[in-house]
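Given next are the chains, with one letter for each unit.
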Amino acid sequence: MANSRSGDSVIDRLVRVLATFDRDERVLTPTEIARRAELPASTAHRLVGDLTAAGLLERDEEGGYRVGLRLWELATRGSRALGLREAAIPPMERVQARVRQHTQLAVLDGDETLFVERLSHPEAVGNIAQIAGRLPLHASSSGLVLLAFAPADVVERVVAGALPALGPETITDAAALRRKLAEVRRLGYAVAPGSIEAVATGIAVPVREGRDGIAALGVVLPRDAGDPLRVATVLAAGAHEIAEALAAQRSRSMG
């Protein structure tokens, strides 16, 4: 793709336009898109028009734009998250039936935690994680599990980087983070009280393929919810079911 005068490619600029949308800003005007994407207004207007013509954006009656169903369709077809979600939903439902709180599935994407599925309960404690939402790896129980079983270069990059506080007890010290990751590997689960919300505790376990952790299955509980080991045992059973379902998927596809 040809580069612009600023050096970024057309693909770079298209991604920047699409990335302006999030759960808080689902409908944007072209002017807002230009500002959030840091693009000239004329460039943003042209790209918005091209994306709308392709069905990747949709225009509403008031002149605002939102992500189009065509984009969801294309992204869903080949995503590795699709098979994982299909394998995970039944075990997640069983976990949630027992804990009656938020139950979520996350994967490592770059140096972030990406949540690919979440089941909620009306009486569940507060939880900022959303489907397709991201959090820093050090800031949640799911992220700590993913980081503990991540490749060494990812661990070193995250530990050496900025560790911002998202809650009152987020781990922000590199040495403390290393100790926590060693604990997660030793115990086989992560407990993160107050890492994001003071009133909540996150507990997560790895979904394993052999010795590799391919995802994290977690719950968010009230701070005084009881024995973390009991909850981790329930999660471990669910993670084992997910791993077995994924193995069955692979067997059928090779069939």
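What counts as what
Residues numbered from 1 in each chain as written. Predicted model: local features only at pLDDT ≥ 70, side-chain atom pairs only at ≥ 80, totals over all residues. Heavy atoms only, no water. Axes fitted to C-alpha atoms, helices over the stretch in contact; angles between N-to-C directions. Helix = DSSP H or I, 4+ residues; strand = E, 2+ residues; numbered from the N terminus. Parallel < 35°, antiparallel > 145°, perpendicular 65-115°, else oblique. Contact = heavy atoms within 4.5 Å. Nonpolar A, V, L, I, M, F, W, Y, C, P; charged D, E, K, R; others polar. Pairing = 2+ DSSP bridges. Buried < 20%, exposed > 50% of the residue type's maximum accessible area, 1.4 Å probe, protein only. Polar contact = N/O pair within 3.5 Å; in protein donor to acceptor, adjacent residues only side chain to side chain. Core = buried A, V, L, I, M, F, W, Y, C linked by side-chain atoms within 4.5 Å. Lys, Arg positive; Asp, Glu negative; His and termini not counted. Salt bridge = Lys/Arg side-chain N within 4 Å of Asp/Glu carboxyl O.

Draft legend 1. Spatial organisation of the packing of helix H1 (residues 10-18) against helix H3 (residues 41-53). Relative to each other, H1 and H3 sit at 80°, their axes nearing to 10 Å. Looking at the two axes, H1 sits roughly perpendicular to H3. Residues Arg13, Leu14, Val17 and Leu18 of H1 form the contact with H3, whose own contacting residues are Thr43, Arg46, Leu47, Val48 and Leu51. Taken together, the residues that form the contact of H1 with H3 break down as 6 nonpolar, 1 polar and 2 charged.

Draft legend 2. Examining the sheet that holds strand S5 (residues 134-136) more closely. Spatially, 6 strands are ordered S5-S4-S3-S8-S7-S6 in an open sheet, and the strand pairing comes out antiparallel. Every other strand in the sheet has two partners, leaving S5 and strand S6 (190-193) as the edge strands with one partner each. Adjacent strand axes in the sheet meet at a mean angle of 30°, parallel and antiparallel pairs treated alike. As paired strands, strand S3 (residues 102-109) and strand S4 (residues 112-119) are joined by 7 bridges and run antiparallel to one another. Considered in S4, the bridge of Asp109 is made with Glu112. Of the strands in this sheet, S3, S4 and strand S8 (212-222) touch helix H5 (residues 80-99), which is tilted by about 150° from S3. Docked against the sheet, helix H9 (residues 228-254) engages S3, S6, strand S7 (200-209) and S8, running at close to 35° with respect to S7.

Draft legend 3. Main features of the side chain of His138. Following the sequence through the fold, His138 ends up in the loop between S5 and helix H6 (141-148). On the basis of relative accessible area, His138 is assigned to the buried category, the value being 2%. Separated by 2.7 Å, the side chain of His138 and the backbone oxygen of Pro164 make a polar contact. Excluding anything up to four places from it in sequence, His138 contacts Leu144, Leu163, Pro164, Thr170, Ile171, Leu177 and Ser195.

Draft legend 4. Structural view of the nonpolar core. Leu84, Leu105, Ile203, Leu217, Val219, Leu235 and Ile242 are the most contacted members of the largest nonpolar core, which has 28 residues in total. Going through the elements one at a time, H5, S3, S4, S7, S8 and H9 are the ones with two or more residues in this core. Excluding residues that lie within four positions of it along the chain, Val219 makes contacts with Val95, Val99, His102, Thr103, Thr201, Gly202, Ile203, Val231 and Leu235. Judged by nonpolar contacts, the second largest core, of 23 residues, contains Leu137, Ala148, Val154 and Ala192.

Draft legend 5. The arrangement of the side chain of Asp60 in detail. Inspection of the secondary structure puts Asp60 in the loop between strand S1 (57-59) and strand S2 (65-67). The side chain of Asp60 is buried and forms no salt bridge, while Arg66, the nearest opposite charge, is found at 4.5 Å. Side-chain polar atoms of Asp60 contact the backbone nitrogen of Gly63, separated by 3.0 Å. Ignoring anything within four residues of it in the chain, the contact list for Asp60 reads Val27 and Arg66.

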